[in-house]
Amino acid sequence: AYASVMRAKLGLELEDENDTALAADLLRRLAANEVDYTVFFRALCASAEDPAADVHVMSLFKDQAAFRGFAESWRRRLLLETSTPADRAQAMRRENPAFIARNHRVEEAITAGIRGDFAAFETLVRVLARPYDDQPDAAHLAEPPEPSERVTQTFCGT
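Everything numeric in this text was worked out from a predicted model, so none of it was measured.

Trainee: Just checking my understanding: could you explain the overall build of the protein chain for this structure?
Mentor: Check the secondary structure of the protein chain and you find 8 helices and 0 strands. Seen along its three principal axes, the alpha-carbon backbone of the protein chain occupies a region of about 55 × 30 × 30 Å. Considering only contacts within the protein chain whose residues lie at least 6 apart along the sequence, 70% involve residues at least 24 apart. Counting every atom, the protein chain has about 9,200 Å² of accessible surface; 55% of that belongs to carbon and sulfur. On the protein chain, the mean spot of the 19 positive side-chain charges and the mean spot of the 26 negative ones are 1 Å from each other.

Trainee: How do you make sense of helix α3 (residues 37-49) when you look at a structure like this?
Mentor: Residue pairs three or four apart in sequence face the same way in an α-helix, which turns once every 3.6 residues. Across its 13 residues, α3 extends 19 Å between first and last C-alpha, which sits within 8% of the 18 Å expected from 1.5 Å per residue. All buried positions along α3 are accounted for by Thr38, Phe40, Phe41, Arg42, Ala43, Leu44, Cys45, Ser47 and Ala48. Turning to α3, the residues buried within the fold contact α1 (2-9), α2 (19-32), α4 (54-58), α5 (64-78) and α6 (85-95). At the N-terminal boundary of α3, the capping side chain belongs to Asp36, with an oxygen 3.2 Å from the backbone nitrogen of Thr38.

Trainee: It is not clear to me how α5 should be interpreted in this structure. Could you clarify?
Mentor: With 15 residues, α5 should reach 21 Å at 1.5 Å per residue; the first-to-last C-alpha distance of 21 Å fits that figure. Turning to α5, the residues buried within the fold contact α2, α3, α4 and α6.

Trainee: Can you walk me through unusual backbone geometry in this structure?
Mentor: Peptide bonds are, in most cases, trans, and in most cases residues other than glycine have a negative phi. A positive phi angle, close to 55°, is found at Glu34, a residue other than glycine. Positionally, Glu34 belongs in the loop between α2 and α3.

Trainee: I would appreciate a short explanation of the side chain of Thr38 in the present structure.
Mentor: Mapped onto the elements of the fold, Thr38 is located in helix α3. Residue classification places Thr38 among the buried residues on the basis of a relative accessible area of 13%. Sequence-distant contacts of Thr38, defined by excluding residues within four places in its chain, comprise Pro97, Ala98, Ile100 and Arg102.

Trainee: What should I look at first to understand the packing of α2 against α3 in this one?
Mentor: Between two packed helices, the angle of one axis relative to the other and the distance separating the axes together describe the packing. Packing of α2 against α3 brings their axes to within 11 Å, and their N-to-C directions diverge by 125°. With respect to α3, the axis of α2 lies oblique. The handedness of the crossing between α2 and α3 comes out as right-handed. Within the contact between the two elements, α2 uses Leu26, Leu27 and Leu30 and α3 uses Tyr37, Phe40 and Phe41. Of the residues assigned to the contact of α2 with α3, the class counts are 6 nonpolar, no polar and no charged.

Criteria and cut-off values
The written sequence of each chain sets the order in which its residues are numbered from 1. Owing to the predicted nature of the model, reporting of local features is limited to residues with pLDDT of at least 70; listing and counting of side-chain atom pairs is limited to 80 or more, with chain, interface and lining totals taken over all residues. With hydrogens and water set aside, each side-chain value is computed from the structure's full complement of heavy atoms. Runs of E in the DSSP output that reach at least two residues are strands. Runs of H or I that reach at least four are helices, and both are numbered from the N terminus. In this description, contact between two residues means that some pair of their heavy atoms is separated by no more than 4.5 Å. Residue exposure ignores everything except the shown protein chains as possible cover, and the areas themselves are Shrake-Rupley values with a 1.4 Å probe. In this tally Asp and Glu are treated as negative and Lys and Arg as positive; neither His nor the chain ends contributes. One atom stands in for each charge, and that atom is NZ of Lys, CZ of Arg, CG of Asp or CD of Glu. For a helix, the expected span equals 1.5 Å multiplied by the residue count minus one. Buried residues are those whose accessible area, probed at 1.4 Å on protein chains only, stays under 20% of the maximum for their type, while exposed residues exceed 50% and partly exposed ones sit between those limits. Here a polar contact means two N or O atoms within 3.5 Å. Within protein one must be a hydrogen donor candidate and the other an acceptor candidate, and residues neighboring in sequence count only if both atoms are side-chain atoms. Only the contacting stretch of a helix is used when fitting its axis, a line to C-alpha atoms as for every element, and angles between N-to-C directions run 0 to 180 degrees. Orientation labels follow simple angle bins: below 35 degrees gives roughly parallel, above 145 gives roughly antiparallel, 65 to 115 gives roughly perpendicular, and whatever is left gives oblique. Take the far helix as the reference: if the near one is turned anticlockwise from it by less than a right angle, the crossing is left-handed, and if turned clockwise, right-handed. In this classification, the charged set is Asp, Glu, Lys and Arg, the nonpolar set is Ala, Val, Leu, Ile, Met, Phe, Trp, Tyr, Cys and Pro, and all remaining amino acids, among them Gly, are polar.

Below you can see the structure in the form of structure tokens.
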């Protein structure tokens, strides 16, 4: 099941014995470079369609060579696939959400709601109802928290 999910996130339809190792290598690189998982996978969708988009994906990494190393392996693996780049990217967008319920945004909505302002909550509900759709007007909700925005404690009532 894990391999199947990771293959879909990476745009791989066919099974290959090395797919799990490719995914594990990627996850190590993401962790070592403190790259946001959701932002990365959504950005990778564009790279699946157009390698020129690698510039953006690479910018997410502290050590850009880390992405280049993964991208070389991933692109070699993509050669085994039969789908077109456009179809692959479209399939990946169905597997990699643009929006998730990020703790710092939920905390903002709760704080505003306590004050009687439900606009942030209503925006979150609207955007998260379609997490796989590009919603340029809500792009800020896809961004990971800045260090000062990180929520380090949550409660059951959240």
